[in-house]
Amino acid sequence: MPGVIAAFTGADLASEWAAPMPCAWPVTPDMKNPPHYPLATQRACYVGDGVAVVVAESPEQAIDALAGIVVDYEEEPAVTDLEDAAADRVLVHPDIGTNRAYTWELISDPDALKKAFDSAAHTVKERYIQQRLIPAAMEPRGVCVVPHPFGGDFTVYSATQIPHILKVMLGITCAVPETSLRVVAPAVGGGFGSKLNVYAEELLALALARKLRRPVRWVEERSEAALATIQGRGQIQEIELAADADGKITAVRVHLIADMGAYLQLVTPGIPLLGAFLYHGVYDVPVYGFSCTSVFTTKTPTDAYRGAGRPEATYAIERAIDALARKLEMDPAEIRRRNFIRPEKFPYSSAAGLVFDSGQYEMALDKSLELVGYDQLRQEQRRRRENGSARLLGIGLSSYVEMCGLAPSRVLASLNYSAGGWEAATVRVLPTGTVQVVTGTSPHGQGHVTSWSMLVADRLGVDPQNVEVLHSDTAVSPHGMDTYGSRSLSVGGTAVAMACDRVLDKARVIAAHQMEVAEEDLEVSAGTFSVRGTPEKSMTLQQVAFEAFTAHNLPDGTEPNLDGSITFDPPNFTFPFGTHVAVVEVDTETGKVDLVQYAALDDCGNQINPLIVEGQVHGGIAQGAAQALWEEAVYDDSGNLLTATLADYLVPSAAELPSFKTGATVTPSPTNILGVKGVGEAGTIASTPAVMNAVVDALSHLGVTQLDMPASPEKVWRALTNVGKEAGR
Amino acid sequence: MIPAAFDYQRASTLDEALSILADRGEDAKLLAGGHSLLPLMRLRLATPAVLVDIGGLRDLSYVQDRGDEVAIGALTRHRDLQISELLLNQVPVLAHVAGQVGDPQVRHRGTIGGSLAHGDPASDLPAAILALDGTLCARGTSGERTIPATEFFTGFLETALRPDEVLTEIRVPKSPGKFSFKKFNRRAQDWAIVGVVALSDSPARVALVNMASTPVRASATEAALAAGAAANEAAQRASEGLEPPSDTNATTEFRRHLATVLVRRALEEVGL
């Protein structure tokens, strides 16, 4: 065929792999992890499981050549329903004998849990579906592997969030020495967790570049991204609350069935665990029980997607507490107030075993209600109900806390995660006074270059324009744990700040020596060291850097050059929080839900760049609201994805969203020297339950309380029709 | 999203386009704004051997007063319909509907002729032309003919146009009375899940978007109105005789329900 260089099946390439594709999170010792290779050999387990690869001179020729491949599939039954999967009626992987990958439990005191429910004045039991979501980053994936002309080295360019982790995993899986690999993540167009992975195509590109001795490139198409990039969420949640007569929650019990998809990708099995500790939310709950059974299905593997486990947890508790409020005929704001962890309780040791760093939950609630005009909205809601309006108003609250800043390495060890959670940074003041920052974080739209420049400029007293931030290239930044889990500022930014402090410490020693004064007599301000009481006697940081560079006159034992390096392992997670309020109008005739107002009050501790914080909140709200109202990866009973284009998978646009009102409180985290918490996922975590609570709030007086996402017009109409039918009986 | 290989020919006159069509027959496809055809080609659902680009035929872009009628060149873009003073005064429904198609990019590229010739039941403009009882003019190598809109849409993405014909002009009677367009969708840029065009002119006319395999008139509703039924009663018959599609946005049953609600609202809006 014209332009075709080679074509291979999975069997042809079997000898290329030193190990199956990596799963870095074996959550239990007995977890089932079926071998997963870049191309399937005997069985394809989901639509998107590659079976052959074509290499051609151009993408057009490669795609034309696909028509020449005939795959003789022998069809087996699909496994698409989670409860059916758990029943092992049909096995996705017959070799492992079950669809259940693992069961993981966190029940500190089973007797106390049972007693709390037995003796409760009120209980609610709710069941929610977390539909699968397609991450849909603006830029799909892409990889290019360039073999060096001699020496056996490779440069790997990949649209990834994790160049450092990818380098290690490529080396292990393809048996290439780590020293022979350089991984570069160029400007990456978004990830939302979907590029926190090691993909078949990255491994194939490396293996084929090695085999064919020429550069190999692959760029994903949008519909391929829907099928073969990981998906998010995918759970059936059962949550029960026990409460006393006053509505004070005494226990939370949760059981999940989580959809792994056909295989375990890099951190697939760990995603439910990232939420496992947070199903009591912002509430002071003394007794806690959580369990999760994870199952294989014949669908695209799931993995980290913006919030990863924490949106699921927040959704369940925030919807359940509204259900409790309805049962007690209490305002949703009031039941939250009665249950918040009080400010004086921080650091708060939770029944699930975490230590929450800091929080002022009621203040955030109060400010959010003020921002949205809560009392007037309630009046308007009443007015419309009394008028018999076909456009009902719903007001939904969501008070959230999340754990981010991944992660203390020892905690990761206790969860059986295979790597650490530290971050590395180097700060160099060059002889001309320019500052070079090397970070192990790997931005893909978060603006680290801006924020890190501001942070360094502030700390060292230099102009932000004179700061260069180097990242996302393992040859330039050899150590790093990359970007995900709202970790970059609280772990990576803290490392940068600590490296700045090392630079300042060294500069102080050199400046004192040069000016012949004691170190304690020096003051530092705006990048200048001056002698206390004799301000005309001073040295700028640039002068100190030049002296450190010439090394003509350094104190004994001081090494030349002005730089500092550090690797920071956080002592704890950080715990951002806030309250979001969504206001919807529901057309009771068509079932259409319009999101008409949205107020977000977030506390992510100290802020480095408020504009970037607000941008994260805006994008997060849109993405979370999308789960509530629009987005769903829909499969048919045979396991075919029906929403593989952006015409069918409804990513909302600005036209569907109101202008957001945002506000912030600042409760610094004591976990790091910057007092920062993280904001990359908060909007997504908070907004999904806020919007769904608003939809239910609009309709609950009519009897509609059970409603799953997305709240599409047809689903809302059917819910209203069903209560109408029941009322008529 | 890479289309199959194809030849590309740019026609500088209508006659040139017609002669290429005559040569290549069913292998050829006309390219105007490209907003319906190119996505189908990228998904390889359409694989024409040759594209005949008529985008340069500027003399087919116009909106003209012809006495009782308004004539519209087939290559007039949606945006030009939306802001046409003549349409805003004499056929306001068409200007309004054109302004609801897709998003600004689509409206600045897409053409009315392309939209009609594509024959998509989910498109807005075909329903508007149908409600207006418009007439479509086609030119072929053997000459020109006119086709009433009510006979133009013959099946799913199928029209009465022959492979050697080019749609050149659309004529609609002046219709300055009240109108309503109800486009129900989940995102502003999407095709209608169900759409309704209603005109108060006597007799009242109602056309539906995405309620069958072609754009259709709600004939049972129109008949009920002609017999003096109230809006609510006539709307109950909106989907009578129709088999609306079922997809991830709406089942057949829900589309039927939506049609009754939207037709009722449209009729109330035009004062019926």
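What you see is a predicted model; the values in this text were computed from it and never measured. (Residues numbered from 1 in each chain as written. Chains lettered and ligands numbered in written order. Predicted model: local features only at pLDDT ≥ 70, side-chain atom pairs only at ≥ 80, totals over all residues. Heavy atoms only, no water.)

A short note on the overall build of chain A
Each helix and strand in chain A was counted, giving 18 helices and 24 strands. Summarising its shape, the C-alpha atoms of chain A cover approximately 95 × 75 × 50 Å along the three principal directions. Relative to its full complement of 729 residues, chain A shows a buried share of 60%. The long-range fraction of contacts in chain A, counting pairs at least 24 apart against all pairs at least 6 apart in sequence, stands at 78%. Accessible surface, chain A as shown: approximately 27300 Å² in total, 51% of it carbon and sulfur. Here chain A holds 56 positive side-chain charges and 88 negative ones, and the gap between their average locations is 4 Å. (Helix = DSSP H or I, 4+ residues; strand = E, 2+ residues; numbered from the N terminus. Buried < 20%, exposed > 50% of the residue type's maximum accessible area, 1.4 Å probe, protein only. Contact = heavy atoms within 4.5 Å. Areas by Shrake-Rupley, 256 points an atom, 1.4 Å probe, with all protein chains shown as cover. Lys, Arg positive; Asp, Glu negative; His and termini not counted. Charge placed at Lys NZ, Arg CZ, Asp CG, Glu CD.)

Notes on the interface of chain A and chain B
Taken together, the 29 residues of chain A in the interface contact 22 residues of chain B. In this assembly, chain A packs against chain B so that about 2200 Å² is buried in total across both faces, 53% of it on carbon and sulfur atoms. Inspection of the chain A/chain B interface yields five salt bridges. The salt bridge partner of Arg718(A) is Glu253(B), with a shortest N-O separation of 2.9 Å. Summed over the shared surface of chain A and chain B, the number is 16 residue pairs in polar contact (both at pLDDT 80 or more). Every element with two or more residues in the side of chain A that touches chain B is listed here: helix H1 (59-66) and helix H18 (713-728) of chain A. Partitioning the side of chain A that touches chain B into residue classes produces 16 nonpolar, four polar and nine charged. (Buried area = accessible area lost by both parts, 1.4 Å probe. Salt bridge = Lys/Arg side-chain N within 4 Å of Asp/Glu carboxyl O. Polar contact = N/O pair within 3.5 Å; in protein donor to acceptor, adjacent residues only side chain to side chain. Nonpolar A, V, L, I, M, F, W, Y, C, P; charged D, E, K, R; others polar.)

As for the packing of aromatic side chains
Applying the stated criterion to the full structure yields 17 aromatic pairs over all chains. Measuring from ring centre to ring centre gives 5.0 Å for Tyr361(A) and Phe577(A), while their planes differ by 70 degrees; the resulting arrangement is edge-to-face. Separated by 216 residues along the polypeptide, Tyr361(A) in helix H10 (residues 361-372) and Phe577(A) in strand E22 (residues 577-587) bring together distant segments of the chain. Assessed through its relative accessible area of 2%, Tyr361(A) is described here as buried. For Phe577(A), a relative accessible area of 0% translates into the label buried. Feature note: the residues Tyr283(A), Phe340(A), Phe346(A), Tyr348(A), Phe356(A), Tyr361(A), Phe575(A) and Phe577(A) constitute an aromatic cluster, connected by ring pairs. The cationic tip of Arg253(A) hangs over the ring face of Phe117(A); the distance from NZ or CZ to the ring centre is 4.1 Å. The aromatic ring of Phe184(B) is capped on one face by Lys592(A), whose charged end is 5.9 Å from the ring centroid. (Phe/Tyr/Trp six-rings, centres within 6.5 Å; stacked < 30°, edge-to-face > 60°. Lys NZ or Arg CZ within 6 Å of the ring centre and 35° of its normal.)

Comments concerning a negative patch on the surface
On the surface, Asp505(A), Glu519(A), Glu520(A) and Asp521(A) cluster together into a patch of negative charge. Topologically, Glu519(A) is positioned in the loop between helix H14 (488-515) and strand E18 (522-525). (Patch = residues over 30% accessible without salt bridge, like charges linked within 9 Å, V, L, I, M, F, W, Y side chains within 5 Å.)

Quick word on the sheet that holds strand E20 (residues 534-540) of chain A
All names here are of chain A. Pairing is antiparallel across the open sheet formed by three strands, whose spatial order is E18-E19-E20. Each edge of the sheet is formed by a strand with only one pairing partner; in this case those strands are E18 and E20. Between one strand axis and the next, the sheet turns through 30 degrees on average, direction left out of account. Along the sheet face, helix H15 (residues 541-550) touches strand E19 (528-531) and E20 and points at about 50 degrees away from the line of E20. (Pairing = 2+ DSSP bridges. Axes fitted to C-alpha atoms, helices over the stretch in contact; angles between N-to-C directions.)

Focus: the domain arrangement of chain A
All names here are of chain A. When its domains are assigned, chain A resolves into domain 1 (359-403 + 574-729) and domain 2 (422-568). Computed over C-alpha atoms only, the centres of domain 1 and domain 2 are separated by 42 Å. Taken together, the contact pairs 16 residues of domain 1 with 17 residues of domain 2. Ranking the residues of domain 1 by area buried against domain 2 places Ile608, Ile673 and Leu674 at the top, with a combined share of 43%. Counting across the domain 1 and domain 2 interface gives zero salt bridges. Across the contact surface, domain 1 and domain 2 share two residue pairs in polar contact (both at pLDDT 80 or more). Of the residues in the side of domain 1 that touches domain 2, the class split is six nonpolar, seven polar and three charged. (Domains from an automatic or database assignment.)

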